[in-house]
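The primary structure of each chain is shown beneath.
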Amino acid sequence: MANGERLGRGSGLSEPVTALGCPAVMDALNAGVVCCRVDEDLSFCWGNARFFGMTAFTEEAFVRHFGGLRPFYAACPECAGDFALIESALSRAVKAGNASVEMEIRLPGKAGGFSWIKLSGTVSSDETGAPLLVAVLTDINALAADWEEQARLAGEHWRYFRWMMDEFAGNVYVSDMETCELLYLNRTACETLGVSAERVLGRKCFEVIQGRQSPCPFCTNDRLRENGFCNWEFFNPVLERAFMIRNRVIEWEGRPVRLELSHDMFSAEYKLAKKDRERLALVGSMPGGFVRLDARDYRTVLWYGADFLNVIGYTAEQFENELHSQCTYVHPDDLKRIVSRLETVDTTGENIVTEVRIITRSGEMKYLNMTLCYASAEDSWDGIPSFYSVGMDVTEQREEQARQRRALEEAYHAARVASEAKTNFLSSMSHDIRTPMNAIMGMALIAQTNLASPERVADCLDKISVSSRHLLSLINEILDMSKIESGRIDLVAEEVSLPELIRNVMGMCQPLLREKGLEFHVSASQVRHENIVIDGGRLQQVLMNLLSNAVKYTPEGGTVGFVVRELPTGIKKRGQYEFVVEDNGIGMPAAFLPHLFEPFSRAEDPRISRIQGTGLGMAIAENIVRMMNGTITVESEPEKGSRFTVSLPFELAGEDDTVDTGLAGFPVLVVDDDRMVCESATVLLNELGMRGVWVDSGEEALRCVVYAHENGDGFFAVILDWKMPGMSGLETLKAIRKRLGRNIPVIVISAYDYSDIEEEFRNAGADAFISKPLFKSRIRQVLQSFGPGKQREPAAPVPGKQRAPLEGRRFLLAEDNDMNREIAVELLEMHGMAVDAAENGLAAVEKFGNSPAGTYDGILMDIQMPVMDGYEATRAIRALDREDAKTVPILALTANAFATDIGKAHAAGMNDHVSKPIDVAYLIGTLRKWVR
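Because the structure is predicted, anything quoted here is derived from the model rather than measured.

Colleague: I keep staring at the packing of aromatic side chains and nothing clicks. Help me out?
Modeller: Centre distance and the angle of the planes are the two values used to describe a pair of aromatic rings. Counted according to the given criterion, the structure contains 28 aromatic pairs. Each ring, one from F44 and one from F51, has its centre 6.4 Å from the other, and the planes form 15°; the classification is stacked. F51 carries the same exposure label as F44, and that label is buried. Consider the rings of F44 and F52, whose centres lie 5.8 Å apart with planes at 65°: the pair is edge-to-face. Here F52 falls in the buried class, since its relative accessible area comes to 9%.

Following this line, the structure appears as structure tokens:
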């Protein structure tokens, strides 16, 4: 082996050879096989008959003359290098631990010639562990001859390629992709550059061609491929001319190089290329394609161009193999129609302009505007009569026309529906307005004819009052609906106390519930955030609408339920609330539910027709909820009742969630037959740091209270519902006081107005009263009053804010309408107030400015007045340089009752807003609120 290497045991080669004679089976092979020791000369061990036939030596002569492969190859100078290849392959196999070698080499012959063979060898070992090479020699002379022929042809092609580059009319450059060295440039390139090839070969291409000292920043090497040209145009500032350039990668002397072909702007080739580009740009700008159609069969496409394939959705191969170059992509009906017209064109000579449908390969339908021009066989360059056609894709235009047609049809339908709705609206509004107006006018006439009967006059006035309130409600709802539909309604977001809002709603509903004798269940569930940011007035309007409907459509003795629930959101400063109103009233049929929120929509039921209503309330409620980004859903069955669920997202206002350490750990017992109330109250108590326990009956409450007291773990307080089945709240209270005395505070809760029962419960030992639903803040406030160190007083309802007396107070009234001014003055004087009247805003400003400071306790300001309106008058009064100008309460007294009007009033400096017609009780309450 070369370098003294030797293979031995442990080399990881094949299994040992047990004998050194040629196996008999080897002589049957049609390939030479030889075995040699892996030593310096590759000493011969044995060979088969085919091997000796290939060498033209007998075995005896081969052994006598050579004895190994090295001397054998040394006898043929032409093949001496091939033995080195064998040695090198064996050496690499040894280093890699590989037992196989394979190569194509020459095998010396007897007469000094050689033959080409493929040697496939395996290194193994004999019985002593000495390495052996067993090689199979396959004759590849025929393949070698093919290689030589291919090499000869390649040489010829190369010479021809060089000749073509030399004779190319344009510039040819060949440069190394990595080093940018110029390897070749043709004669034209030398003339363009004004240099000889010998001077520039080996230099950088960017230096020679561009006159640069560094590679070109616009070099296209990264875009070059072997299977296509990169075409671009460049103005060379050094040569002062533009070039049309084509680049690609080619093989050059065994390595990839850059081939560049270019023509300058003065050459005919450059000008032709520019014209081709213009033609292609023009064709490419067409939103369709060109086709030459064979006029002999009206089916075969002889030629196509532009965007034709893209329009029909086929590749060139698919068009030829699947459609067989036929125009069957045209819709069959349209193709039949066109062919019938084409058959007459060769006699008339007219052009055809038509629109056809085509079906793409994906099945999409497209519309083409086609123009077909006939060329006879005499006029055609190849003698084939043809139709030259230009197809413009007008699919988008047709789809847009279809969309506009549908939009017009929908608009027409919507307009017709709106017209019908307007007619129905006016009809319903006319009927609903005339009904209370008829009652008002009729009762007024009856009262006039019965002036001598005070009882009859009082009855008429009561009915006039009821009808006028109904008429006012109808007008307000119509105006609300009009505002909503025109998009002019505004929501005024402000911080609202949810418990206070619910109390206001409950206060308005209590008289209705009491009048019909309905059972009322109300609860608040998981309400952890009581202060929210919302339009409180609009939310109150929605809830009042739902509750008043529940009361109206539930027969006497029925049940109405109201639940307020806070749902988890996971979003900071955002809350999700549900308001559920449920009743067991007359219900609604399923067919009516989809129309429930339509204006003036009422179910067809004789019982409903007898109940006063405008049919606008639910439409208004649904629109308000939608504007608040909420939802309202309804479930209802006839004779079983209805369930409305309003879901609204609110922004949360800041709250004090700290636990009162003075109450921490105190046990409180909740007693209510409503399980939801018990569970919700217990959760609230636990959040306050107390220990909430609940039972659902008076009997169980008594046992629980007595047992806890006797075991030294008495309850801190008892929260007791007043109305329960079995042992009522009053009976339970009396029993607790009898067993435990007044040692434990008892707080009575009720969903009803407890003013009628307050005295009786107070006499029985009640300490405080809380209206349902229960909120954390109210529970904490009441329980803190019984905390350690607090003096318990006899029970009394929590008083409201003390109102100032109005008798003897003086007010300034600005009102331009004589009758309205007379009514307002009379109403105020009936309550002991003095009134100075002004007929417009300017007169009001002058009266206030001319009066001594402190003369007026308040100002009632109309908005729409001549000379100066209420907003200007208010701003003028606030701007006066006197002490009471900034503090005197100014109330808007106007028919403008929308949120935007209220906002304008506050912006002008007014304190509050009272809408017309005047609700006397509301007006007096508002005055008491602001007068000090």
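Colleague: I tried to follow the UniProt feature "modified residue: 4-aspartylphosphate" (unreviewed entry) in the protein chain on my own but got confused; where do I start?
Modeller: Following the UniProt record, one finds the feature "modified residue: 4-aspartylphosphate" (unreviewed entry) at D721 and D862. One can find D721 in strand 26 (residues 717-721). Taking the relative accessible area as the measure of exposure, D721 reaches 5% and is therefore buried. Sequence-distant contacts of D721, defined by excluding residues within four places in its chain, comprise V671, D672, D673, G729, I749, S750 and K772. Of note, D862 is situated in the loop between strand 31 (858-861) and helix 26 (870-878).

Colleague: Got a minute to help me understand the sheet that holds strand 30 (residues 834-838) in this structure?
Modeller: Strand order in the open sheet formed by 5 strands is 30-29-31-32-33, and the pairing between neighbours is parallel. In this open sheet, the two strands that pair with only one neighbour each are strand 30 and strand 33 (912-915). Pairs of neighbouring strands in the sheet enclose a mean axial angle of 25°, with direction left out of account. Inspection of the sheet shows strand 29 (residues 810-814) paired to strand 31 by 4 bridges, in the parallel sense. Bridge assignment links A814 to a residue of strand 31, and that residue is M861.

Colleague: How should unusual backbone geometry be read in this particular structure?
Modeller: Most of the time, phi is negative for any residue but glycine, and the peptide bond is trans. With omega at 0°, the peptide bond leading from K772 into P773 counts as cis. By the element assignment, P773 lies in the loop between strand 28 (768-771) and helix 23 (776-784). Phi at H324 takes a positive value of approximately 55°, unusual for a residue other than glycine. Among the structural elements, H324 can be located in the loop between helix 11 (316-321) and helix 12 (332-348).

Colleague: Sorry if this is basic, but what is going on with the packing of helix 15 (residues 498-516) against helix 16 (residues 536-552) here?
Modeller: Helix packing geometry: the angle between the two helix axes and the distance between the axes. Orientation of helix 15 relative to helix 16, taken along the N-to-C sense of each, is 20°, at an axis distance of 10 Å. Judged on the interaxial angle alone, helix 16 and helix 15 are roughly parallel. As helix 15 packs across helix 16, the resulting crossing turns out to be right-handed. On the side of helix 15, the interface is formed by L501, I502, N504, V505, M508, C509, L512, L513 and K516, while helix 16 contributes G536, L539, Q540, L543, M544, L547, S548, V551 and K552. Broken down by class, the residue content of the contact of helix 15 with helix 16 amounts to 12 nonpolar, 4 polar and 2 charged.

Colleague: Help me understand the nonpolar core in this model?
Modeller: Generally speaking, nonpolar side chains in soluble globular proteins are found buried as a group. In this structure, L498, I502, F520, L539, F562 and F579 are the most contacted members of the largest nonpolar core, which totals 52 residues. Viewed by domain, this core spans two of them, domain 3 (489-652) and domain 4 (667-785), each represented by three or more residues. Those residues in contact with F579 that sit more than four places away from it in its chain are L498, I502, L539, L543, F562, V563, V564, F644, T645, V646, L648 and F650. Counting 32 residues, the second-largest nonpolar core is a separate cluster that includes M103, L107, I117 and L137.

Colleague: Help me out: how do you make sense of the confidence of the model for the protein chain in this one?
Modeller: When pLDDT drops low, the exact placement of atoms in the prediction is not to be read closely. Counting all residues, the mean pLDDT for the protein chain is 83, and 87% of those residues have values of 70 or more. By mean pLDDT, strand 1 (residues 16-17) is the weakest element of the protein chain at 42, and strand 29 is the strongest at 95. Confidence over residues 1-19 falls short of pLDDT 50; this stretch has 42 contacts with residues more than four positions distant or in other chains. Contacts from residues 793-804, a stretch scored under 50 in pLDDT, to residues over four places away or in other chains number 18 contacts.

Colleague: Looking at this model, I keep getting lost on helix 23. Mind explaining?
Modeller: Count 3.6 residues to each turn of an α-helix, and residues three or four apart come out pointing the same way. Looking only at helix 23, the buried set comprises K776, R778, I779, R780, V782 and L783. In the core, the buried residues of helix 23 are packed alongside strand 24 (667-671), helix 19 (675-687), strand 26, strand 27 (746-750) and strand 28.

Colleague: Please explain the pairing of strand 5 (residues 114-126) as it appears in this structure.
Modeller: Walk down a regular strand and you will see the side chains alternate between the two sheet faces. Sheet topology places strand 4 (residues 100-108) next to strand 5; 9 bridges connect them, and they run antiparallel. Opposite E102, over in strand 5, you have S120 as the bridge partner. Counting the residues in the hairpin turn of strand 4 and strand 5 gives 5 residues, including G112, whose phi is positive at 90°. As defined by bridge partners, strand 5 adjoins strand 6 (residues 131-139) across 9 bridges and the pair is classed as antiparallel. The residue bridging S125 from the neighbouring strand is P131, located in strand 6.

Colleague: Help me out: how do you make sense of the side chain of N171 in this one?
Modeller: Structurally, N171 can be placed in strand 7 (residues 171-176). On the accessibility criterion, N171 (2% relative accessible area) is buried. In this structure the side chain of N171 is engaged in a polar contact, spanning 2.6 Å, whose partner is the side chain of T192.

Colleague: Teacher, can you tell me more about the pairing of strand 15 (residues 365-375) here?
Modeller: Bridge count between strand 14 (residues 352-359) and strand 15: 8 bridges; the pairing is antiparallel. In the sheet register, R357 faces strand 15, and the bridge partner there is Y367. As paired strands, strand 15 and strand 16 (residues 386-393) are joined by 8 bridges and run antiparallel to one another. When the bridges of strand 16 are listed, A375 appears paired with S386.

Colleague: Sorry, what's going on with the side chain of H331 here?
Modeller: Positionally, H331 belongs in the loop between helix 11 and helix 12. In this structure H331 comes out as buried when scored by relative accessible area, which is 14%. Not counting residues within four places of it along the chain, the set of residues in contact with H331 comprises R357, I358, I359 and M365.

Colleague: How should helix 4 (residues 80-96) be read in this particular structure?
Modeller: End to end, helix 4 covers 25 Å across 17 residues, agreeing with the expected 24 Å (1.5 Å per residue, within 8%). Residues of helix 4 that are buried: D82, F83, I86, E87, A89, L90, S91 and A93. Those residues of helix 4 that are buried are in contact with helix 3 (69-74), strand 4, strand 5 and strand 6.

Colleague: When you look at the pattern of salt bridges in this model, what are you seeing that I'm missing?
Modeller: The full count for this structure, using the stated rule, is 37 salt bridges. Between R64 and E60 there is a salt bridge, with the nearest N and O atoms lying 3.7 Å from each other. Of this pair, R64 and E60 are both found in helix 2 (residues 59-65), 4 residues apart, which corresponds to roughly one turn of the helix. Both residues of the pair, R64 and E60, belong to the exposed class. Two residues, R691 and D713, come together in a salt bridge whose shortest N-O distance is 3.5 Å. Taken together, the positions of R691 in strand 25 (residues 691-695) and D713 in the loop between helix 20 (698-710) and strand 26 put the pair 22 residues apart, joining distant regions of the chain. Residue classification places R691 among the partly exposed positions, given a relative accessible area of 39%.

Conventions we followed
Residues numbered from 1 in each chain as written. Predicted model: local features only at pLDDT ≥ 70, side-chain atom pairs only at ≥ 80, totals over all residues. Heavy atoms only, no water. Phe/Tyr/Trp six-rings, centres within 6.5 Å; stacked < 30°, edge-to-face > 60°. Buried < 20%, exposed > 50% of the residue type's maximum accessible area, 1.4 Å probe, protein only. UniProt positions renumbered as here; feature names shortened; annotations may be inferred. Helix = DSSP H or I, 4+ residues; strand = E, 2+ residues; numbered from the N terminus. Contact = heavy atoms within 4.5 Å. Pairing = 2+ DSSP bridges. Axes fitted to C-alpha atoms, helices over the stretch in contact; angles between N-to-C directions. Parallel < 35°, antiparallel > 145°, perpendicular 65-115°, else oblique. Left-handed = near helix turned anticlockwise from the far one by under 90°. Nonpolar A, V, L, I, M, F, W, Y, C, P; charged D, E, K, R; others polar. Core = buried A, V, L, I, M, F, W, Y, C linked by side-chain atoms within 4.5 Å. Domains from an automatic or database assignment. pLDDT = per-residue confidence, 0-100. Polar contact = N/O pair within 3.5 Å; in protein donor to acceptor, adjacent residues only side chain to side chain. Expected span 1.5 Å × (residues − 1). Salt bridge = Lys/Arg side-chain N within 4 Å of Asp/Glu carboxyl O.

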